[in-house]
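A structural walkthrough
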Amino acid sequence: MAISLDEVRHVARLARLDLDETEVLALQGELNALLGHFADIQGVDTSDLPPVSHAMSLTNVWSDDRVGVVLQRADALRNAPVSRAGLFVVPTIIED
Amino acid sequence: MITALTASRLAEGLRRREWSARELAQAHLDRITTQDPLLGAYLTVDPDETMRWADAAQAMLDSGTGGPLCGVPVALKDNIVTEGVRTTCASRILENHVPVYDATVTSKLKEQGLVLLGKTNLDEFAMGTSTENSAFQITRNPWDTERSPGGSSGGSAAAVAGELAPLALGSDTGGSIRQPASLCGIVGFKPTYGRCSRYGLVAFGSSLDQIGPFGRTVEDAALLASAITGHDPMDSTSLQVPPIRLDDLKTGSLKGVRIGVLTETMGDSADAGVRSCVAEAVDVLRREGADVRDISIPSIAYGVTTYYIIAPAEASSNLARFDGVRYGLREEGKGHIGMMERTRAVGFGHEVKARIMIGTYALSAGYYDAYYLRAQQVRALMKRDLEQAFQELDVILSPTSPIPAFRIGELSADPLALKLLDVCTIPANMAGCPALSLNCGFTQGLPVGLHLMAPAMADEKLLQIAFAVESALPNATGRPPMP
């Protein structure tokens, strides 16, 4: 399955990456090389095996419902690129 | 020179008051000042911060508290967060990031009195095999500064090999501790998935990532492994088991140890010098009484594909948090989406973008079944095959890397060739197994790593066998030709 330039641009939009055309071309080549290599697992017989998402299976890990030490607001905001009045500032999302 | 001593010897000297924590820290800081311009192992060194840690350690030593490594200096890969000390992941997007909390491993080191020397270089977000993908600098191999130290924990490996730190922590998603340990001629250990908390390790591939130690001996790496492991409620994948125990580390022998030599990794695809080095080591182990046999696990061959689907898929999700809002770089753009797109375009380097792209593609509608789901099924197959092999084996042996340290720039034009180097180390991440690399000799003056993998939860047994292997190969290591 070869990936087209339009597909590269579409995936970049999904991934929120503003790629320039040089990068789009370079990534098309790299992705196609990888996808070519990926063909090796398409024919493998795994019919009797369910997919695994983790190496060590754990189920139902609960934490105690207890008040503990939490990050203070000033600390949480310390690395914010833009903050005001104790809040993260984001660009306008809904226009008037 | 004191910087050439092992961590266990340094710890003993601290308890006997042969030297102080400050003296040790200063000796290492001095060596970093003179030697790191050659290696580029460190991204951040803050002598004042180091001395604060040293003073805290000395207070513990004086009062008889602290852990077995109290007062010993350690370097941390710069994707492990340290409160008040810049943590960049070698990325422009976090260039000025100063974490407001400590990773669990960082807290454990503090509690036990280890002394932070600095933060080490890596491939950006740990994505790479050469430490050439750092946004800030390349790191060089102490054995030959024209060559790569491997990666992604290349800064930590080069620092320990070059005697710029007696110990270091790295992270291993597909071999990022073991491969640089191999290329730099030291010991690198990835514990069983879940034995070491990932809290505060900047996430790459969450189902594969594990923090682990570098040392110049198996004992040093084991001591540091013991210091950082144990259950942590802050990591929901952390196992409910105690820290790695070292009681039996030195009591084992190779007699009757069942070793499977993985034939898939000993063929023509591996460098002839590497193969002969590993084969000679295997002969020694056999003479020492080990029960050595060849073993074939054909599904190992699918590891690289499986890894380069699963790890980027997880990374594409994990790295969505870098959106220009809560921390890190922000670049203005058209509206909120334009802001995110510009921030990520400017902040991430090429390899990171490539992996986000492949992961997003593999997870996208229409391709999910063919790639991500398929890779998870093959992962199940590899896991089952390894578990079956371990029913009759204590460890699986292979080279750690098919080739010794390569020249800087030699493989960077061919991203796929670099990725194929992970073939020996990936299976342990897929199955969650503990695995370790230790030096077994040299080819053309370059170190060759021997890779040992054990069943999940057999960390103690693996370290015991590795200690016996190291003892059986007394001339297999050396010191790099550095001033």
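Residues numbered from 1 in each chain as written. Chains lettered and ligands numbered in written order. Predicted model: local features only at pLDDT ≥ 70, side-chain atom pairs only at ≥ 80, totals over all residues.

For the rest of this paragraph, the subject is the overall build of chain B. For chain B, the helix and strand inventory stands at 15 helices and 11 strands. Seen along its three principal axes, the alpha-carbon backbone of chain B occupies a region of about 65 × 55 × 45 Å. Here chain B holds 483 residues, and the buried ones make up 62% of them. In chain B, the share of contacts with a sequence separation of at least 24, taken over all contacts with a separation of at least 6, comes to 76%. (Helix = DSSP H or I, 4+ residues; strand = E, 2+ residues; numbered from the N terminus. Buried ≥ 20, exposed ≤ 12 C-beta atoms within 10 Å, placed from the backbone. Contact = placed C-beta atoms within 7 Å.)

Before going further, it helps to spend a moment on the nonpolar core. All names here are of chain B. In this structure, Val-74, Val-115, Phe-214, Val-395, Leu-452 and Ala-466 are the most contacted members of the largest nonpolar core, which totals 166 residues. The greatest single-element share of this core, amounting to nine residues, is contributed by helix α12 (residues 369–390). Excluding its chain neighbours within four sequence positions, the residues that come into contact with Val-395 are Ile-259, Leu-452, Met-453, Ala-454, Leu-462 and Ile-465. (Core = buried A, V, L, I, M, F, W, Y, C linked by C-beta atoms within 7 Å.)

When pLDDT is averaged along chain A, the result is 91, and 99% of the positions lie at 70 or above. Within chain A, helix α1 (residues 5–14) of chain A carries the highest mean pLDDT (97), whereas helix α2 (residues 21–38) of chain A carries the lowest (94). (pLDDT = per-residue confidence, 0-100.)

All names here are of chain B. Here strand β9 (residues 395–399) lies mainly inside the structure; five of its five residues are buried. Bridge analysis of strand β7 (residues 258–262) against β9 gives three bridges, and the strand direction is parallel. If you follow Ile-259 over to β9, its bridge partner there is Val-395. The sheet contact formed by β9 and strand β11 (residues 446–453) spans four bridges and is antiparallel. Note that in β11 the partner of Leu-397 across the bridge is Leu-452. (Pairing = 2+ DSSP bridges.)

The next thing to look at is the interface of chain A and chain B. Taken residue by residue, the interface counts 42 residues in chain A and 57 residues in chain B. Mapped onto the side of chain A that touches chain B, the elements with two or more residues apiece are α1 and α2 of chain A. In the side of chain A that touches chain B, the residues fall into 29 nonpolar, seven polar and six charged. (Nonpolar A, V, L, I, M, F, W, Y, C, P; charged D, E, K, R; others polar.)

This part takes up the pairing of strand β8 (residues 291–295) of chain B. Residues and elements named next belong to chain B. The pairing of β7 with β8 spans five bridges and is parallel. Its bridge partner being in β8, Ile-259 is matched across the sheet by Val-292. One crossover worth recording links β7 to the parallel β8 by way of helix α8 (residues 272–287), and it is right-handed. (Right-handed = clockwise from strand over helix to strand, strands pointing away.)

As a further point, take the environment of Asn-429 of chain B. Residues and elements named next belong to chain B. By the secondary structure assignment, Asn-429 is in helix α14 (residues 426–431). By the C-beta count within 10 Å, which is 30 here, Asn-429 ends up buried. Along the sequence, Asn-429 and Leu-208 sit 221 residues apart, while their C-alpha atoms lie 5.3 Å from each other. Among residues more than four places away in sequence, those in contact with Asn-429 are Asp-172, Thr-173, Gly-174 and Leu-208.

What follows is about the sheet that holds β9 of chain B. Residues and elements named next belong to chain B. The 11 strands lie next to each other as β1-β3-β2-β4-β6-β5-β10-β11-β9-β7-β8, forming an open sheet whose pairing is mixed. Strands at the two margins of the open sheet, each flanked by one partner only, are β1 (42–44) and β8. With direction set aside, neighbouring strand axes in the sheet form an average angle of 30°. Here strand β2 (residues 73–77) runs beside strand β4 (residues 167–172); their pairing, made up of two bridges, is parallel. What sits directly across from Leu-76, in β4, is Leu-169. Packing of helix α7 (residues 218–228) onto the sheet brings it into contact with β4, β5 (187–190), β6 (210–215) and β10 (435–443), and relative to β6 it is tilted by some 145°. (Axes fitted to C-alpha atoms, helices over the stretch in contact; angles between N-to-C directions.)

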